[in-house]
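Each chain is listed here by its residues.
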Amino acid sequence: MKWIKDEKGSVSIYTVFFLLSFIILLALFMTWTGTEVTMLRVRNAIQAELNNLAIRISDDTYQAMRENNLDAYCERLTTSTVYQNELLGMVRDNLTKEIAEETETYKLSGLKLSFQTEDDCIVYTLTCDVDCFLSLFGDNEKSLISVMLVEKVL
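Residues numbered from 1 in each chain as written. Predicted model: local features only at pLDDT ≥ 70, side-chain atom pairs only at ≥ 80, totals over all residues. Heavy atoms only, no water.

1. Some words on the overall build of the protein chain
Scanning the protein chain from N- to C-terminus turns up 3 helices and 3 strands. The linear arrangement of helices and strands in the protein chain, starting from the amino end, is α-α-α-β-β-β. Expressed as a percentage of the 154 residues in the protein chain, the buried residues total 30%. Nonlocal contacts in the protein chain, meaning residues at least 24 apart in sequence, comprise 52% of its contacts between residues at least 6 apart. (Helix = DSSP H or I, 4+ residues; strand = E, 2+ residues; numbered from the N terminus. Buried < 20%, exposed > 50% of the residue type's maximum accessible area, 1.4 Å probe, protein only. Contact = heavy atoms within 4.5 Å.)

2. Considerations on the pairing of strand β1 (residues 106-118)
Examined bridge by bridge, β1 and strand β2 (residues 121-134) share 11 bridges and lie antiparallel to one another. The residue of β2 that forms the bridge with Ser114 is Thr125. Taken together, β1 and the strand that follows it, β2, pair antiparallel across an intervening segment of 2 residues, in which Asp119 is found at a positive phi of about 55°. (Pairing = 2+ DSSP bridges.)

By themselves these figures say nothing about function.
So this is what it looks like as structure tokens:
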């Protein structure tokens, strides 16, 4: 009790400063942790959409194998912008159903899907820029997080 009260028996000013400092630090920590949780949720939603994209491409690949035109499908996958835009539109639609594109704490932009041929594989890459806004001391601070997820197929 002697730490909390001074010689007169009232609450010490140092105790008040200590409690205020502790509360401020706790509020900053909670804000930071909340932002981290939000960014994990965004990352997991993008990862889930990459998995959905992999399923769609696998289904189309097996359909092409059954029809015995796998080379035509590989050509369509790597060169057809209409098909690539269809896949990107599917990813964008499903992603906006899962999470909002823009909130007060983040903004999604630059969603891209690209296909490259490497060795005997077609590699597709889904990239997305996430602008994270964190306000600890008044002004929003912006940090850019680039999410790039790569999946190999064929």
